[in-house]
Amino acid sequence: MMPFLKLFTISVLSVSFICNSTFAQKSKKNNQYIPTYILQFTGGASVPLMDLSGNWPSDMSKNPIPYFMRTPGFNLGINSKLFPRVSNWGVTASISLTLFSTSNLKDTTFPTGQGLFNSYSLNFLSGTIGFEYRGVSHSVIPFIGIELATNYLWGRANYKGKTLTMKGTERFGLNSGAGLDIRLNNKYGIVVGGKFSLLNLRGRNTGEFSSSGEYSIVDAPAGGSDARTMASANFYIGLSYYVHSVKVKHSKK
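Note that the structure is a prediction, hence the values are computed from the model and not measured.

**Overview of the overall build of the protein**
Point 1. Counting its regular elements, the protein contains 1 helix and 12 strands.
Point 2. Ordering the α and β elements of the protein from the N terminus gives α-β-β-β-β-β-β-β-β-β-β-β-β.
Point 3. Relative to its full complement of 253 residues, the protein shows a buried share of 42%.
Point 4. Residue pairs in contact within the protein that sit at least 24 positions apart in sequence constitute 72% of those at least 6 positions apart.
Point 5. Accessible surface, the protein: about 12,900 Å² in total, of which carbon and sulfur atoms supply 62%.

**Remarks on the packing of aromatic side chains**
Point 1. A full pass over the atoms with the stated rule returns 5 aromatic pairs.
Point 2. Across the ring face of Tyr242, the terminal group of Arg183 is positioned such that the distance to the ring centre comes to 5.8 Å.
Point 3. Positioned over the ring face of Tyr67 is Arg228, at 5.9 Å from the centre of the ring.

**Thoughts on the environment of Phe83**
Point 1. Turning to its location among the elements, Phe83 is positioned in the loop between strand 2 (73-82) and strand 3 (89-102).
Point 2. The residues contacting Phe83, other than those within four sequence positions of it, are Pro35, Thr36, Ile38, Asn88, Trp89, Gly90, Glu132 and Arg134.

**Notes on the side chain of Glu147**
Point 1. Relative to the elements of secondary structure, Glu147 occurs in strand 6 (residues 140-154).
Point 2. Those residues in contact with Glu147 that sit more than four places away from it in its chain are Thr92, Ser94, Thr128, Ile129, Gly130, Gly173, Leu174, Asn175 and Lys195.

**Re the environment of Tyr152**
Point 1. Following the sequence through the fold, Tyr152 ends up in strand 6.
Point 2. Residue classification places Tyr152 among the partly exposed positions, given a relative accessible area of 34%.
Point 3. Counting along the chain gives 27 residues from Tyr152 to Leu125, while the straight-line C-alpha distance between them is 5.1 Å.
Point 4. Leaving out residues up to four positions away in the same chain, Tyr152 has contacts with Asn123, Phe124, Leu125, Gly168, Thr169 and Glu170.

**Regarding the pattern of salt bridges**
Point 1. Scanning the model with the defined rule gives 4 salt bridges in all.
Point 2. The closest approach of N and O atoms between Asp59 and Lys62, which form a salt bridge, is 3.7 Å.
Point 3. Classification of Asp59 by relative accessible area gives buried; the value is 10%.
Point 4. A residue is classified by how much of its surface remains accessible, and Lys62, at 48% relative accessible area, is partly exposed.
Point 5. In this structure, Glu147 and Lys195 form a salt bridge, with 3.2 Å as the shortest nitrogen-oxygen distance. Of this pair, Glu147 sits in strand 6 while Lys195 sits in strand 10 (residues 188-202), placing them 48 residues apart in sequence. Across this residue pair, the class does not change: Glu147 and Lys195 are buried.

**Concerning unusual backbone geometry**
Point 1. Geometrically, the link from Asn63 to Pro64 is a cis peptide bond, its omega value of 5° lying close to zero.
Point 2. Inspection of the secondary structure assignment puts Pro64 in the loop between strand 1 (31-50) and strand 2.
Point 3. In this model, Thr71 is joined to Pro72 through a cis peptide bond whose omega is 0°.
Point 4. With a phi close to 60°, Phe68 is a non-glycine residue in the positive phi region.
Point 5. Note on placement: Phe68 falls in the loop between strand 1 and strand 2.

**Here we look at the nonpolar core**
Point 1. Among the nonpolar cores identified, the biggest contains 18 residues, and Leu52, Tyr120, Leu122 and Met230 are the most heavily contacted of them.
Point 2. Broken down by secondary-structure element, the contributors of at least two residues to this core are strand 5 (116-134) and strand 8 (162-166).
Point 3. Top contributing element to this core by residue count: strand 5, with 4 residues.

**Thoughts on the confidence of the model for the protein**
In regions of low pLDDT, the predicted coordinates are not meant to be interpreted in detail.
Point 1. Per-residue confidence for the protein gives a mean pLDDT of 82, with 79% of residues at or over 70.
Point 2. Here residues 20-31 scores under 50 on pLDDT; set against residues more than four positions off or in separate chains, the count is 14 contacts.

**A look at a nonpolar patch on the surface**
Point 1. Nonpolar side chains collect at one region of the surface, where Leu82, Trp89, Val91, Ile129, Phe131, Tyr133, Ile144, Ile146, Leu148, Leu174 and Leu201 lie side by side and expose about 1,100 Å² of accessible area between them.
Point 2. Where the nonpolar patch is concerned, the elements lending two or more residues are strand 3, strand 5 and strand 6.
Point 3. Checked against the element boundaries, Leu82 lands in strand 2.
Point 4. Here Leu82 falls in the partly exposed class, since its relative accessible area comes to 46%.

Calculation rules
Residues numbered from 1 in each chain as written. Predicted model: local features only at pLDDT ≥ 70, side-chain atom pairs only at ≥ 80, totals over all residues. Heavy atoms only, no water. Helix = DSSP H or I, 4+ residues; strand = E, 2+ residues; numbered from the N terminus. Buried < 20%, exposed > 50% of the residue type's maximum accessible area, 1.4 Å probe, protein only. Contact = heavy atoms within 4.5 Å. Areas by Shrake-Rupley, 256 points an atom, 1.4 Å probe, with all protein chains shown as cover. Phe/Tyr/Trp six-rings, centres within 6.5 Å; stacked < 30°, edge-to-face > 60°. Lys NZ or Arg CZ within 6 Å of the ring centre and 35° of its normal. Salt bridge = Lys/Arg side-chain N within 4 Å of Asp/Glu carboxyl O. Core = buried A, V, L, I, M, F, W, Y, C linked by side-chain atoms within 4.5 Å. pLDDT = per-residue confidence, 0-100. Patch = residues over 30% accessible without salt bridge, like charges linked within 9 Å, V, L, I, M, F, W, Y side chains within 5 Å.

Here you go:
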């Protein structure tokens, strides 16, 4: 496992242990508030997968040639979750930004366009809607979910010493993820989790290159190259704000 993933795992386990120990007594109260509308603000690291990743320069012989994005990238997000009363099932919506880049590729012909790119960036602004299943517990709420995603892509490249702009485009994908919502009190908590994203299931294109300084992403079959599948594993930690909660009465043990 990569060093930053080890650090992330250790941090998550430490936060979970501390919160569980600190608030164990609070969870024994007879009256408990269950969140029904939650806002979450997150940030973390993203790992490029499938054709978004690759080993330079050995994978230049592959078909398709991958994008060689560096690890890690970075992600920021806002999640909205709505649960009917105290239901385990809820609907989710989110917006997130994922940033990837690569460099020192020694001006090799590259799959982002017809040209010699030494370095470039690839960014994803994603909007999602989906469903989530949670376990309603006292202090730690585990959850798992699936989302449909619309991804807007853009970036920049270095082309023979000149800066080019990537033509913005849309791709459609699918996300699945899981995590823990660790309640600190009736208003705030800490959320930790991970999400696997298939970024371009639909909308792939062969792209084009413009002498005016604009290029397109190439992920559909073109020029003897197979289609490229872009995916990422995203790890995050953040703050949960419980906008609305329902008071539930529990019987004494």
